[in-house]
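One letter stands for each residue in the lines below.
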Amino acid sequence: MTEVDFREDGAAALEWAARYLERVEQLPVLAQVRPGEVSERLPRSAPERPEPFADVLRDLDELLLPALTNWQHPRFFSYFAVTASEPGILAELIAATLNQVAIVWRASPASTELELRVVDWVRQLLGLPDGWHGHIEDTASTSTLAALIAARHVTGRNVVVCSEHAHSSVEKDARMLGMEVRKAPADQELRMRVEGYDLDDVAAVVATVGTTSFTSVDPVRELAERAHAAGTWLHVDAAYAGTWLHVDAAYAGTSWICEEERWSADGVELADSLTVNPHKWMLVPMDCSLVWTARPDEWREAFSLVPEYLRTSDDAYALSEYGPALGRRFRSFKLWAVLRCYGAERLRAIVREHIRLAELFTGWVEESDEWELVAPQRFSLVCFRRVGTDEENERLLERVNASGEIFINHTKLDGSYVLRLAIGNVRTTEVDVRRAWEVLNEEARR
Ligand SMILES: Cc1ncc(COP(=O)(O)O)c(C=O)c1O
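First, a word on scope: everything that follows refers to the structure included in this document.

Cut-off values and rules
- Residues numbered from 1 in each chain as written.
- Predicted model: local features only at pLDDT ≥ 70, side-chain atom pairs only at ≥ 80, totals over all residues.
- Heavy atoms only, no water.
- Salt bridge = Lys/Arg side-chain N within 4 Å of Asp/Glu carboxyl O.
- Buried < 20%, exposed > 50% of the residue type's maximum accessible area, 1.4 Å probe, protein only.
- Pairing = 2+ DSSP bridges.
- Helix = DSSP H or I, 4+ residues; strand = E, 2+ residues; numbered from the N terminus.
- Axes fitted to C-alpha atoms, helices over the stretch in contact; angles between N-to-C directions.
- Contact = heavy atoms within 4.5 Å.
- Patch = residues over 30% accessible without salt bridge, like charges linked within 9 Å, V, L, I, M, F, W, Y side chains within 5 Å.
- Areas by Shrake-Rupley, 256 points an atom, 1.4 Å probe, with all protein chains shown as cover.
- Lys, Arg positive; Asp, Glu negative; His and termini not counted.
- Charge placed at Lys NZ, Arg CZ, Asp CG, Glu CD.
- Disulfide = S-S within 2.5 Å.
- Near = heavy atom within 4 Å.
- Polar contact = N/O pair within 3.5 Å; in protein donor to acceptor, adjacent residues only side chain to side chain.
- Nonpolar A, V, L, I, M, F, W, Y, C, P; charged D, E, K, R; others polar.

1. Section: the pattern of salt bridges
One pass over the full model with this rule turns up 41 salt bridges. Notably, a salt bridge pairs R311 with E308, separated by 3.6 Å at the nearest N-O pair. Judged on exposure class, the residue R311 and its partner E308 are both exposed. Connected via shared salt-bridge partners are E92, D287, R329, R331 and K334.

Okay, here's the thing in structure tokens:
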């Protein structure tokens, strides 16, 4: 006896998934539960006896669905809005079915070689330099962690410099590695400034293209030139002297698929490493973070540790020698499926539409005396606030999110409260963005 009737239960699961995507728009965007409510309803221990898969689906509906924040909702405008597209979802099912654990090449030649190829497809689509080596990590946090490990290995130094607006993962990664973080101040346009900074003892400079709070763009070319002019490699075989430059383009990097958005890629060809997350704006389900390096040999040296039981006579390539994890999921399969089923043209059209919608919203904010733009609008994010106090804006945010109609979030700039509206779901249309504007105005006047 098997635990499920794979065909019948599988069909029910697929039907559940299809129905969810059809009706997600009718569900509240933000989960309307209080902390602990789900835990109270979940059994305290695992069942002794088998239960039917149908019961799992029933409890998904009854217990979990009301406690889901619906990231696939077209009016999810929080953090960076994302999409798990249908080709990606189906590919996840197949990847789980195949359960490839690509520890070394022979453990999954297909997964190893497909990963290299599709990551290279994305490199080409984004206009990144030939010859870069890329692979997939789970998240940008891990990609940046790996970059800092490589930087420290190569330079023998222990300091990381990033902008005050860099993502918290940079600081967390450095902290986990026992590295010191120095935060550089930003200019009026929220771009990292480096003048006056001595980089001689610095292992890595992390530049961000599309900061999380404001989508500002650090001056990558200038940072690269300064980094590479600083200090000397300790590594004996190193080709040049300098500090490692890592670029975090986790969200905004996807926009480079459109030629007209490549203004923000200026200088990235000088980077030592770069990360972009297809699970943010390239329609790939969590998790899929790409990291490339211009220095594959040094990078590999930082990670390669092959125990006896993994040594093979074919001496083929192992992606586990390029990152922290040994076991690797077949993540390239969903990226492959998304790239093939959408095609670059359609992906470009989606990115352009999201940017257009953000520009439209920005226009409404600018035309109104009751609202103000807080930072220049870049990519598909709008940072704005209601003219008034921080407390009024904070209460407004709580009310619009409690409505269940839209979900936005906040950040702070120089201590003052900022509302963020991020567009990134493939289902989001102009109607949804107009509705967001109406909800904000209705709640503000209430
Ligand atoms: C610019 C930037 N870098 C890194 C991250 C961390 O991403 P992940 O969740 O993949 O670790 C984020 C998350 O939003 C981000 O916006």
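Moving on from the model shown.
2. A short note on the sheet that holds strand β10 (residues 409–413)
The pairing of strands in a sheet comes from backbone hydrogen bonds and takes either a parallel or an antiparallel form. The four strands lie next to each other as β8-β9-β11-β10, forming an open sheet whose pairing is antiparallel. Taken across any chain shown, the strands that pair with only one partner, and hence form the sheet edges, are β8 (371–373) and β10. The average angle at which neighbouring strand axes cross in this sheet is 40°, direction not considered. Inspection of the sheet shows β10 paired to strand β11 (residues 416–422) by five bridges, in the antiparallel sense. Note on β11: the bridge partner recorded for K412 is Y417. Its contacts with the sheet place helix α11 (residues 332–367) against β8, β9 (381–386) and β11, and it is angled at close to 20° to β9. The strands touched by helix α12 (residues 390–402) are β8, β9, β10 and β11; relative to β11, the strand with the most contacts, the crossing angle is about 30°.

3. Looking at a negative patch on the surface
A surface patch of negative charge is lined by E391, E392, E394 and E398. By the secondary structure assignment, E391 is in helix α12. Its relative accessible area of 48% is what places E391 among the partly exposed residues.

4. Some points on the state of the cysteines
Following the criterion strictly, the structure yields zero disulfides and no others. Cysteine C162 shares no disulfide, and the gap to the nearest cysteine sulfur, in C383, comes to 19 Å.

5. A few points about the site of the ligand
Lining the immediate environment of the ligand, one finds 13 residues, of which A140, S141, T212, D248 and N277 sit closest. Between A140 and the ligand, the recorded distance is 2.8 Å, taken from a backbone N or O atom to an oxygen atom. Contacts to the ligand include K280, whose side-chain N or O atom sits 3.3 Å from an oxygen atom. At the level of secondary structure, the elements contributing two or more residues to the shell around the ligand comprise α6 (140–155) and α9 (278–281). In the shell around the ligand, the residues fall into three nonpolar, eight polar and two charged.

6. Quick notes on the side chain of S163
Within the secondary structure layout, S163 lies in strand β2 (residues 159–163). A polar contact is formed between the side chain of S163 and the backbone nitrogen of H165, at a distance of 2.8 Å. With residues up to four places along the chain from it excluded, the contact list for S163 reads K183, A184, M192, V206 and D218.

7. Topic: the sheet that holds strand β4 (residues 204–208)
Across the sheet, which stays open at both edges, the seven strands sit in the order β1-β7-β6-β5-β4-β2-β3 with mixed pairing between neighbours. On the outer flanks of this sheet lie β1 (133–137) and β3 (180–184), each paired with one strand and no other. Ignoring which end each strand starts from, the neighbouring axes of this sheet average 20° apart. Bridge count between β2 and β4: three bridges; the pairing is parallel.

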